[in-house]
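Structure at a glance
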Amino acid sequence: MKDRELTRLLQTDPDAGLRAALRGYGPMIKAVLLRILPRDARDVEECMADTLVALWQNAARLEQQGTPLRPWLIVTARNRGIDRYRTLRRHAALSLDDELGRTLGELAAFDQTAGDAADLVGALVAAMDPPDREIFLRKYYLLQTSKEIAAALGMGESAVNTRLSRGRERLRRQLQQKGVYSHA
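Here the residue numbering is sequential within each chain, running from 1 through the sequence in written order. At least 70 in pLDDT is required for a residue's local features to be given in this predicted model, at least 80 for side-chain atom pairs to be given and counted, and no such filter applies to totals for whole chains, interfaces and linings, which use all residues. Calculated side-chain values reflect all of the structure's heavy atoms, with hydrogen atoms and water omitted.

- An unreviewed UniProt entry annotates the chain as Sigma-70 family RNA polymerase sigma factor originating from Candidatus Gemmiger excrementipullorum.
- UniProt positions are given in the numbering used here, feature names are shortened, and annotations may be inferred rather than shown by experiment. The record in UniProt for the chain states the following under Sequence similarities (unreviewed entry): "Belongs to the sigma-70 factor family. ECF subfamily."

A look at the overall build of the chain
- The helix and strand tally for the chain stands at 9 helices and 0 strands.
- We count a stretch as a helix when DSSP gives it H or I for four or more residues in a row; a strand needs E for two or more, and each element gets its number in order from the N terminus. The linear arrangement of helices and strands in the chain, starting from the amino end, is α-α-α-α-α-α-α-α-α.
- Note on exposure labels: buried denotes an accessible area under 20% of the residue type's maximum, exposed denotes more than 50%, and partly exposed covers the range between, all computed with a 1.4 Å probe on protein chains only. In the chain, which comprises 184 residues, the share counted as buried stands at 35%.
- Here a residue-residue contact requires only that any non-hydrogen atoms of the pair lie within 4.5 Å. Long-range pairs, those at least 24 residues apart, make up 61% of the contacts in the chain between residues at least 6 apart in sequence.
- Counting only carbon and sulfur atoms, one obtains 50% of the accessible surface of the chain, whose full area is about 10,700 Å². All accessibility values rest on the Shrake-Rupley procedure with a 1.4 Å probe; residue burial counts only the protein chains present in the view.

A closer look at the nonpolar core
- In terms of nonpolar packing, the biggest core is built from 26 residues, with I29, L33, L55 and L73 touching the most fellow members.
- When residues of this core are traced back to their parent elements, those giving at least two are α1 (3–12), α2 (14–36), α3 (41–65) and α4 (69–91).
- With residues near it in sequence (within four places) discarded, L73 still touches Y25, M28, I29, T51 and L55.
- Only buried residues count toward a nonpolar core, which is a set of Ala, Val, Leu, Ile, Met, Phe, Trp, Tyr and Cys residues joined through side-chain atoms within 4.5 Å. In terms of nonpolar packing, the next biggest core, distinct from the first, is built from 13 residues, V125, I135, F136 and I149 among them.

Some words on the pattern of salt bridges
- Salt bridge, as applied in this entry: a Lys or Arg side-chain nitrogen positioned within 4 Å of an Asp or Glu carboxyl oxygen. Tallying each qualifying case throughout the model produces 6 salt bridges.
- Between E148 and R35 there is a salt bridge, and its shortest N-O distance comes to 2.4 Å. Pair noted here: E148 is in helix α8 (residues 146–153) and R35 is in helix α2, with a separation of 113 residues, a long-range link.
- Here E148 falls in the partly exposed class, since its relative accessible area comes to 29%.
- The partner of R170 in a salt bridge is D132, with the nearest N and O atoms 3.1 Å apart.

Observations concerning the packing of α1 against α2
- Orientation is described by axes fitted as lines to C-alpha atoms, over the contacting stretch for helices, and by angles from 0 to 180 degrees between their N-to-C directions. α2 packs onto α1 with a crossing angle of 145 degrees between their chain directions and a minimal axis gap of 6 Å. In this structure, α1 crosses over α2, and the sense of that crossing is left-handed. Taken together, the residues of α2 that come into contact with α1 (itself represented by D3, L6, L9, L10 and T12) are P14, A16, G17, L18, A20, A21 and Y25. Should the near helix be turned anticlockwise from the far one by less than a right angle, the crossing is left-handed, and should it be turned clockwise, the crossing is right-handed.

Concerning the side chain of S146
- On the secondary structure map, S146 appears in helix α8.
- Polar contact criterion, stated in full: a pair of N or O atoms within 3.5 Å, where within protein one must be able to donate a hydrogen and the other to accept it, and residues adjacent in sequence count only if both atoms are side-chain atoms. Looking at S146, its side chain comes within polar contact range of the side chain of N161, at 2.6 Å.
- Those residues within four positions of S146 in sequence are excluded, and the remaining contacts are K139, E157, V160, N161 and L164.

Here we look at the packing of α2 against α3
- Between α2 and α3, whose axes approach to 9 Å, the crossing angle comes to 130 degrees. Comparing their axes, α3 and α2 come out oblique. Every pair of crossing elements has a handedness; the one defined by α2 and α3 is right-handed. Within the contact between the two elements, α2 uses P14, L18, A21, L22, G26, I29, K30, L33 and L34 and α3 uses V44, C47, M48, T51, L52, L55 and W56. For classification purposes, angles smaller than 35 degrees are called roughly parallel, those larger than 145 roughly antiparallel, those between 65 and 115 roughly perpendicular, and all remaining angles oblique.

Topic: helix α9 (residues 157–177)
- Expected span, for any helix, means 1.5 Å times one less than how many residues it has. Along its 21 residues, α9 runs 30 Å from first to last C-alpha, staying within 8% of the 30 Å computed at 1.5 Å per residue.
- Those residues of α9 that sit buried are V160, L164, G167, R168, L171, R172 and L175. One side of α9 carries all its buried residues, which in axial view fall inside an arc of 140 degrees. Exposed and oriented more than 90 degrees from the buried face of α9 are S158, R166 and Q177.
- One or two residues past the end of α9 sits G179, with phi positive at roughly 75 degrees. Each C-beta atom gives one direction from the helix axis, and the arc is the one those directions make.

And the structure:
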């Protein structure tokens, strides 16, 4: 079904339009969300539903402006997924990756909550120089692969992995200097 037909169907028969949108774009929306959210089917389904509701609510405007649905849905699903991921992070400490997660887990001398440790790591990442800051944000906050980061930044994948490794080591040293992290 063409985009214009789908946006018209969403306006005239929302149930049929949403079913058609789910058939046509559901797998793509789900793939976008699975890259962002932990593998909890309920969170993915909730964000898929939010994305489709947004499509229904914006159908008239999208048709009027001739907006292609595929990129609009990708951006909308990504934004919904990131919003949900941030909400989950506020409620539960999610590890950034196995190695950095172990580092945070070993914050034995740190007598505040894990949320404070994550905030400190976030502040240290924010203070990094480019392109390291962008690499870390893409890897640990947008959950992009090293290959995707390399393509986006025009770097080699091995250069991205090296910068990530060195950056994690710098974070460890900074945490040690602040007396937050003591390597056992």
